[in-house]
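# Report on the structure
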Amino acid sequence: MGCVVQKYGGTSVGSVDRIRHVAQRVAKTWKAGRQVAVIVSAMAGETNRLIDLVHEVSPEPSEREYDVIVSTGEQVSIGLLSIALQDMGVPAESCLGFQIKVMTDSAHSKARILDIDPSRLKSVLDQGKVAVVAGFQGVDDNGNVTTLGRGGSDLSAVAVAAALKAEVCEIYTDVDGVYTTDPNMCVNARKIEKISYEEMLEMASLGAKVLQTRSVEFAMKHDVPIHVLSSFREVSGTYVVKEEPSMEKVLVTSVAYNKDEAKVSLRRVPDRPGVAAKIFNPLASANIVVDMIIQNISREGFTDLTFTVPKGDLKKAIDILQPTAEELEVPEIVTDEKVSKISIIGVGMKTHAGVAAKMFQVLFDEGINIEMISTSEIKISCVIKSKYTELAVRALHDAFELGDEEAEA
Ligand code: ADP
Ligand code: ASP
Ligand code: MG
């Protein structure tokens, strides 16, 4: 029988009892005669604890040492899960990123996987053992430990599944599938049975953290089918697969939110060619992803420039912007971390007018001010004050009739 990859997230391995429960589920698959590679995250809260520790020692830690520290949470969980499996009579071997050669570039804290050599993993599986792999970590060409960005164990799982040519990559988490919006925020969110990579990619990149963005990108590129399932309840989940003609092309399929971005405004920027490049090039070189960008109409040769960056990169972004701002005699850089980006997503939007207008009306009816807007063929995003996140998500989910009517009743 074939090979299956299973990934268990932080909540799923959040305590010794839960690790034992995961071991039982893994054992069931192994006993059915399948080869199993299991990817695990750090125990819930552990990665945050490690990041806080680093920042307690230094506000600007070395990126190399940061990864040495924050990657350790996964080492503990793979050891514990391997022991739990062995205690149940299931042979298991823990595998760290460098041991199975999860090769990445050297962009510490957000490294990209370049290649995984399947030989060591295959030899573990061929010996009849369960391979228990540390998520979130890799190694660069110089032998330095790297990490893959928050939520990166999803990417580890998909990459291992691609390397092993597994039948499926099962992602076990604390919800039982991908929903029309975060089910922890909206009680009548509806489970989606099957979703295309494209749509899932859009949802993930707009904040639906049930799958990490790069993991979906990788799965799409390497044709890895993903099945999102609950660790706790044995019910059917959501398949993420290639687009099929039978998939519904409804106008709006989901609502997503992202509270992890901060807004940066540069006031009175000289409005002349080359200025935008001067501002954004150094941010790009420092691997800082700039998202929404708005430039106001020019007045007397000056304009205001506003954009968003990940909150975790805000300090670094400001440090990088400061010398350029001085050179351009920009009088003020204003930042706001209390913002949230709300998005509606749907491939059917391409051919319909009026979706954006409806979204703006819904937000207006709730008294929510829109601070920034961006659109693409299949999504519309608005930046609002973060305190209105829940209100906006629920109102949009209702207005576009995405809910489960039974749950509503
Ligand atoms: P894990 O630790 O298993 O990786 P995460 O916390 O990263 O789990 O992702 C699961 C969470 O994603 C859920 O608890 C849920 O709150 C959130 N989420 C956000 N949007 C969605 C969505 N559209 N469908 C399902 N879950 C979502
Ligand atoms: N432990 C890492 C994190 O908290 C990776 C993961 O959970 O996917 O971001
Ligand atoms: Mg996750």
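Going by the structure above, here's the rest.
Note that the coordinates shown come from a computational prediction; the quantities given were computed from them, not determined experimentally. (Residues numbered from 1 in each chain as written. Chains lettered and ligands numbered in written order. Predicted model: local features only at pLDDT ≥ 70, side-chain atom pairs only at ≥ 80, totals over all residues. Heavy atoms only, no water.)

Okay, the site of ligand 2 next. In the neighbourhood of ligand 2, the contacting residues comprise S41, A42, T47, E74, F136, R150, G151, G152 and S153. Backbone polar atom of G151 to an oxygen atom of ligand 2: 2.9 Å apart, as the coordinates give it. When the free accessible area of ligand 2 is taken as 260 Å², the share hidden by the protein chains comes to 87%. Tallied by class, the residues present in the shell around ligand 2 amount to 2 nonpolar, 5 polar and 2 charged. (Near = heavy atom within 4 Å. Polar contact = N/O pair within 3.5 Å; in protein donor to acceptor, adjacent residues only side chain to side chain. Areas by Shrake-Rupley, 256 points an atom, 1.4 Å probe, with all protein chains shown as cover. Nonpolar A, V, L, I, M, F, W, Y, C, P; charged D, E, K, R; others polar.)

Once that is clear, we can look at the site of ligand 1. Surveying the vicinity of ligand 1 reveals 17 residues, the closest of which are T173, D174, Y179, D182 and N184. Residue G10 places a main-chain N or O atom 3.2 Å away from an oxygen atom belonging to ligand 1. Contact distances for ligand 1 include 2.8 Å between an oxygen atom and a side-chain N or O atom of D174. The protein chains hide 88% of the 570 Å² of surface that ligand 1 would expose on its own. Each residue belonging to the shell around ligand 1 can be placed in one class, and the counts come to 7 nonpolar, 6 polar and 4 charged.

Moving on, we come to unusual backbone geometry. Backbone geometry places R268, a non-glycine residue, at a positive phi of 50°. Mapped onto the elements, R268 comes out in strand β14 (residues 261-270). Unlike most non-glycine residues, N287 shows phi in positive territory, near 65°. For N287, a relative accessible area of 42% puts it in the partly exposed group. (Helix = DSSP H or I, 4+ residues; strand = E, 2+ residues; numbered from the N terminus. Buried < 20%, exposed > 50% of the residue type's maximum accessible area, 1.4 Å probe, protein only.)

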